[in-house]
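As a plain string of letters, each chain reads:
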Amino acid sequence: MVKKKRYGTLIVLSGPSGAGKGTICAELLRQVDNLRFSVSMTTRLPRGNEVDGKDYYFVTKEEFEDGIQKDNFLEYAKVHGDNYYGTPKDKVVEALNNGEDIILEIDIQGALEVKEKMNDGVFIFIMPPSMRELKDRLVKRNTETKDKIIERFKNAYKEINEVTKYNYIVINDEVQNAVDKVKAIILAEKCRVDRIEDFELNNEEELLHELLTL
Ligand code: 5GP
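So, a few notes on the structure that sits alongside this text. (Residues numbered from 1 in each chain as written. Predicted model: local features only at pLDDT ≥ 70, side-chain atom pairs only at ≥ 80, totals over all residues. Heavy atoms only, no water.)

Taken in spatial order, the 4 strands make up an open sheet running β4-β3-β6-β5, and their pairing is mixed. In this open sheet, the two strands that pair with only one neighbour each are β4 (56-58) and β5 (73-79). Across the sheet, the mean angle separating the axes of adjacent strands is 25° when strand polarity is ignored. Of the strand pairs in this sheet, β5 and strand β6 (residues 83-88) are connected by 6 bridges, and their pairing is antiparallel. Paired with F73 across the bridge in β6 is P88. Across the sheet, helix α3 (residues 89-97) touches β4, β5 and β6, and the angle it forms with β6 is around 30°. (Pairing = 2+ DSSP bridges. Helix = DSSP H or I, 4+ residues; strand = E, 2+ residues; numbered from the N terminus. Axes fitted to C-alpha atoms, helices over the stretch in contact; angles between N-to-C directions. Contact = heavy atoms within 4.5 Å.)

Dropping the structure here:
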C-alpha cells in the first residue's frame, strides 16, 4: 500500500492580464475537490461586488507595509502601478500542512518569487490565444481606464518572455478546454513518484502466509 502524502500541492497560476486566469481559477475551485484559493492582500480598492476576505483582503498601504515588516508575505509585488498585492504566508503553510492543495492566482513577478522559495510548486502560465484576442478582452472587460489598458497590454508583451521559467503553458482558447488541461496537470503532478513521501508495504508477512498455506 502506498502511504498517502501528508502535504498538499502548491499550484501557481499566472499569465498576462486578460489571459483569463481569474475565470479559469474560479472554475477550478468549482470543479476540483480539496482545492483552496489563496486570498491575497491588496491595497487597491474593491471593485463591483468583490467581497473582503473572499476575493481579497483589502487593506491600507500602512497595513500592507506593516505586513512586509513582519515578514507576513510569501511574496508581494506592486502590480500595474502603485498598488501592492501579496500572498499571506500563514494561510499557504496551513493549507499545505493540512494536506490541502492551494492555488495562487498571482502576477508573474510574484510567481517567480514563489518559485525561488518553493520550487516543488506547480507553475502554470495561462496564455491568451493571440495578442489581438488579449487586447480585445482587456477592452471588453471594461474595468480599467484606457491608460491602464495600454499599460497592461505593454506589460503583457514583456511578461510573455518569462514563460520558459514555468513548468506548464496552457492556452486559454476556450475556458472549459483550458480548465480541463489544468485539471490534467494537477492530477498528473499528484501521481509523480517524487511527490510520494513513503511507500509502505505493510502486509507482506500476512500475504506470504496466505500463499504458503494455499
Ligand atoms: P486585479 O487588480 O485585476 O484583481 O489583479 C491585478 C493583478 O494582480 C493580476 O495579474 C493578479 O493575478 C495579480 N495578483 C493578485 N493577487 C496577487 C498577489 O498576491 N501577489 C501578486 N504578486 N500578484 C497578485
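The next subject is helix α7 (residues 175-190). For α7, which comprises 16 residues, the first-to-last C-alpha distance of 23 Å matches the rise-based estimate of 22 Å (1.5 Å per residue) to within 8%. Taken together, the buried positions of α7 are occupied by A178, V179, V182, I185, I186 and E189. Along the axis of α7, the buried positions cluster into a sector of 120°, meaning they face one direction only. At its buried positions, α7 is contacted by β1 (10-14), α1 (21-31), β8 (122-127) and β9 (168-171). (Expected span 1.5 Å × (residues − 1). Buried < 20%, exposed > 50% of the residue type's maximum accessible area, 1.4 Å probe, protein only. Arc of directions from axis to C-beta.)

As a further point, take the sheet that holds β9. Overall, parallel pairing links the 5 strands, which are arranged β2-β7-β1-β8-β9 in an open sheet. Two strands lie at the open edges of the sheet, namely β2 (35-37) and β9, each paired on one side alone. For this sheet, the mean inter-axis angle between neighbouring strands, taken without regard to orientation, is 25°. As judged from the 4 bridges shared by β1 and β8, these two strands associate in the parallel manner. Looking across to β8, one finds that V12 is bridged to F123. Against the sheet, helix α4 (residues 108-117) contacts β1, β7 (101-105) and β8, and its axis sits at roughly 155° relative to β1.

Another point: the packing of α1 against α7. At a minimum axis separation of 10 Å, α1 and α7 run at an interaxial angle of 60°. Classified by the angle their axes make, α1 and α7 are oblique. Viewed along their axes, α1 and α7 form a crossing whose handedness is right-handed. Contacts from T23, I24, E27, L28 and Q31 in α1 reach V175, Q176, A178, V179, V182 and K183 in α7. (Parallel < 35°, antiparallel > 145°, perpendicular 65-115°, else oblique. Left-handed = near helix turned anticlockwise from the far one by under 90°.)

This part covers α1. Buried residues of α1: K21, I24, C25, E27 and L28, and no others. Considered in projection along α1, the buried side chains sweep an arc of 165° and stay on one side of the axis. Against β1, β2, β7, β8 and α7 lie the buried residues of α1.

A contiguous nonpolar patch, built from L208, L211, L212 and L214 and spanning about 510 Å² of accessible area, is present on the exposed surface. Tracing the sequence through the fold places L212 in helix α8 (residues 204-212). Taking relative accessible area as the criterion, L212 reaches 71% and is therefore assigned exposed. (Patch = residues over 30% accessible without salt bridge, like charges linked within 9 Å, V, L, I, M, F, W, Y side chains within 5 Å. Areas by Shrake-Rupley, 256 points an atom, 1.4 Å probe, with all protein chains shown as cover. Salt bridge = Lys/Arg side-chain N within 4 Å of Asp/Glu carboxyl O.)

Further remarks concern the pairing of β8. Among the 6 residues that make up β8, 6 are buried, leaving the element largely enclosed by the rest of the structure. The alternating pattern of β8 places V122, I124 and I126 on one face and F123, F125 and M127 on the opposite face, and all of these are buried. Looking at chain direction, β8 and β9 are connected through 4 bridges and run parallel. In the sheet register, I124 faces β9, and the bridge partner there is Y168.

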